[in-house]
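# A structural walkthrough
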Amino acid sequence: MATANTPAFNKMLYTPLAEIDPEVKNIIDKETWRQFSGLELIASENLTSLATMEANGSILTNKYSEGLPGARYYGGNEYIDELEILCRKRALQAYNLDPAKWGVNVQPYSGSTANFAALTALIQPQDRLMGLGLPDGGHLTHGYYTAKKKMTASSIYFQSFPYALDPSTQLIDYPGLEKQAKIFKPRLIICGASAYPRDWDYATLKAICDKEGAWLMADIAHTSGLVAAQQLNNPFEYCDVVTTTTHKTLRGPRAGLIFFRKDSPNHEDLEKRVNDAVFPACQGGPHNNTIAAVATALLQVSQPEFKEYARQVIANAKTLGSSLVDYGYKLQTGGTDNHLVLWDLRPLGLTGSKVEKVCDLLGITINKNAVSGDASAQTPGGIRLGTSALTSRNMQEEDIKVVAELLHRAIQISLLLQKEAGSKMLKDFIRVATTETKGKVGARKVKELRQDVVAFARKWPLPGVDVSTLQRPSGIEEDF
Ligand SMILES: *Cc1c(COP(=O)(O)O)cnc(C)c1O
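Residues numbered from 1 in each chain as written. Predicted model: local features only at pLDDT ≥ 70, side-chain atom pairs only at ≥ 80, totals over all residues.

## Some remarks on the domain arrangement of the protein
On domain assignment, one finds that the protein holds domain 1 (59–302) and domain 2 (312–458). For domain 1 and domain 2, the distance between their C-alpha centroids amounts to 32 Å. With 17 residues of domain 1 at the interface, the matching set in domain 2 holds 20 residues. Per-class residue counts for the side of domain 1 that touches domain 2 are 8 nonpolar, 4 polar and 5 charged. (Domains from an automatic or database assignment. Contact = placed C-beta atoms within 7 Å. Nonpolar A, V, L, I, M, F, W, Y, C, P; charged D, E, K, R; others polar.)

What follows is the structure in structure tokens.
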């Protein structure tokens, strides 16, 4: 607390947020209200725990600790060392890894920086790499480029070439990848995706890498919680390096991890290469508040209950998929093995952008997504839905059927709006969705469904928030 001797220039250090900065506080309150009142179906999002948020908001944010435990550039790191060592131990435990065979760097700020550091560790500038193409579900950081532009550091600083899905099955085309790799001779093959509803065949990928003398890296950002809970194939059996985010199915704070193999003769220096790539090659001081939060989240992941959570996430995704199929809709690959479904809207004559927009108006958060065979990446023909966050709000199969019905109604309204818009233009579509006009019913139907979505969403708790005392903040109008 400030005392009588606290100089004026330091009084602000002791003033709570609500008092010193009502503007930011109000934005946080509005966002809290939005999360409480809506249905979060973005497959890359989740709701982290109270304890994780406490650690993330802690005083550890004050400390600089460039380097590694026991080898820092600054003093005062005895507790930070203890923290980072604990976090590493928990990361290995969460994935059942033997510390003699695997190591981990817990400093990456996020998934993208973890990936760039991993590339920096494994290959030389301008070396060749292959990753799943973005339109087929891959991530930007796996080498994405367009005809006109190298889009990410992974294609700017390296030569990249995408592999693809087999259009007839919408599964990874492993024979095609093998043929391309034989010609392209990548030094690294990246597997893992952001929008792929099925599991990976790591053994086949490893065989291809061995043939071409390439490293195999798995980026399990999306599925890492499900992998830790042993509900999916284990990439650690076959890969040299595994990267992940910590905030998707793993349910931690926003950060990244890089696991590296220590146990084979050609991997002797992998530990040093990865650690040097993270710092000083790609990053500066670690975010120690985040590392504390990652450690706490990993402790939760190691509990038997987390396995139950992961099972429920998958059961919910399967229920969501089968409910949509029962309504007559088309899913990429027809269903899912993990936490997400890819919904192909093209048979309905709707675009992902339009359905995303309607869902936004309804308080259902989803994202437009390319589906296999899309003519243009600019107008994705589908949407991606995930069940991690809804499962974190306690929903189970019967509740997910209610969500599927709400989505079904959203599609019916989208079709009506498209008719009432009188054109295929997104701006006309948005106009009829948001303005009540004589003779048109779409905008009213959007409002009615929004009320049902909000009433349903507010029945559920929100981790880290006491919803029983939550009040609608100023700046949010509700006419119901
Ligand atoms: C989300 C994601 C990332 C990037 O993570 P950020 O934390 O947003 O940088 C990397 N790879 C994959 C496969 C992802 O899904």
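## With respect to helix H6 (residues 111–122)
Taking 1.5 Å per residue, 12 residues should reach 16 Å; H6 reaches 16 Å between its end C-alpha atoms and fits that length. Every buried residue belonging to H6 is among Gly-111, Thr-113, Ala-114, Asn-115, Phe-116, Ala-117, Ala-118, Leu-119, Thr-120, Ala-121 and Leu-122, and all of these are buried. (Helix = DSSP H or I, 4+ residues; strand = E, 2+ residues; numbered from the N terminus. Expected span 1.5 Å × (residues − 1). Buried ≥ 20, exposed ≤ 12 C-beta atoms within 10 Å, placed from the backbone.)

## So, the sheet that holds strand S13 (residues 330–331)
As summarised here, the arrangement of the 4 strands in space is S13-S14-S17-S16, forming an open sheet in which the pairing is antiparallel. Across the chains shown, the open sheet's two edge strands, defined by having one partner strand only, are S13 and strand S16 (367–369). For S13 and strand S14 (residues 340–344), the ladder comprises 2 bridges, and the chain directions are antiparallel. In the sheet register, Leu-331 faces S14, and the bridge partner there is Trp-343. Its contacts with the sheet place helix H13 (residues 304–326) against S13, S14 and strand S17 (382–386), and it is angled at close to 20° to S14. Lying over the sheet, helix H14 (residues 352–362) contacts S16 and S17, oriented at roughly 170° with respect to S16. (Pairing = 2+ DSSP bridges. Axes fitted to C-alpha atoms, helices over the stretch in contact; angles between N-to-C directions.)

## Quick look at the site of the ligand
Of all residues adjacent to the ligand, which total 14 residues, the nearest are Ser-110, Gly-111, Ser-112, Ser-194 and Ala-221. The greatest single-element share of the shell around the ligand, amounting to 3 residues, is contributed by H6. When its residues are assigned to classes, the shell around the ligand shows 2 nonpolar, 11 polar and 1 charged. (Near = placed C-beta within 6 Å.)

## Comments concerning the pairing of strand S9 (residues 188–191)
With burial as the criterion, each face of S9 is covered, one bearing Leu-188 and Ile-190 and the other bearing Ile-189 and Cys-191. Bridge count between strand S5 (residues 128–132) and S9: 2 bridges; the pairing is parallel. Counted as the bridge partner of Met-130 is Ile-189 from S9. Note: S9 against strand S10 (residues 215–219), 4 bridges, orientation parallel.

## Observations concerning the nonpolar core
One finds Ala-118, Ile-189, Met-217, Val-241, Ile-258 and Ala-410 to be the most contacted residues of the largest nonpolar core, which totals 121 residues. No other element matches helix H16 (residues 397–421), which puts 9 residues into this core. Two domains each put at least three residues into this core: domain 1 (59–302) and domain 2 (312–458). The contacts of Met-217, once residues within four sequence positions are left out, are Ala-118, Leu-122, Leu-188, Ile-190, Cys-239, Asp-240, Val-241 and Thr-243. (Core = buried A, V, L, I, M, F, W, Y, C linked by C-beta atoms within 7 Å.)

## Let's talk about helix H5 (residues 78–94)
If you check H5, its first and last C-alpha atoms are 24 Å apart, about what 17 residues at 1.5 Å a residue would give, namely 24 Å. Here H5 has its buried residues at Ile-80, Leu-83, Glu-84, Cys-87, Arg-88, Arg-90, Ala-91 and Ala-94. Along the axis of H5, the buried positions cluster into a sector of 165°, meaning they face one direction only. Residues of H5 that are exposed and point over 90 degrees away from its buried face: Glu-78 and Glu-82. Those residues of H5 that are buried lie in contact with strand S4 (102–105), helix H10 (224–228), strand S12 (256–261) and helix H12 (288–301). (Arc of directions from axis to C-beta.)

## Regarding the UniProt feature "modified residue: N6-(pyridoxal phosphate)lysine" (unreviewed entry) in the protein
In this structure's numbering, the residues bearing the UniProt feature "modified residue: N6-(pyridoxal phosphate)lysine" (unreviewed entry) are Lys-248. Relative to the helices and strands, Lys-248 resides in the loop between strand S11 (241–245) and S12. Contacts of Lys-248, omitting those with residues within four sequence positions, involve Ser-44, Asn-46, Ala-221, His-222, Ser-224 and Ser-388. (UniProt positions renumbered as here; feature names shortened; annotations may be inferred.)

## Focus on the environment of Tyr-95
The residue Tyr-95 is located in the loop between H5 and S4 in this model. Distance in space between the C-alpha atoms of Tyr-95 and Arg-273 is 22 Å, their sequence separation being 178 residues. Beyond its immediate sequence surroundings of up to four residues, Tyr-95 is in contact with Ala-228 and Phe-236.

## Re the sheet that holds S12
Spatial ordering of the open sheet is given by S4-S12-S11-S10-S9-S5-S6, a layout of 7 strands whose pairing is mixed. Both edges of this open sheet fall to S4 and strand S6 (159–163), since each of them pairs with a single strand only. Taking each pair of neighbouring strands and ignoring which way they run, the sheet shows an average axis angle of 20°. Relative to S11, S10 runs parallel, the two being bridged by 3 bridges. Residue pairing for S11: Asp-219 is matched across the bridge by Thr-243. Running over the sheet, H6 touches S5, S9, S10, S11 and S12 and is turned about 30° from S12.

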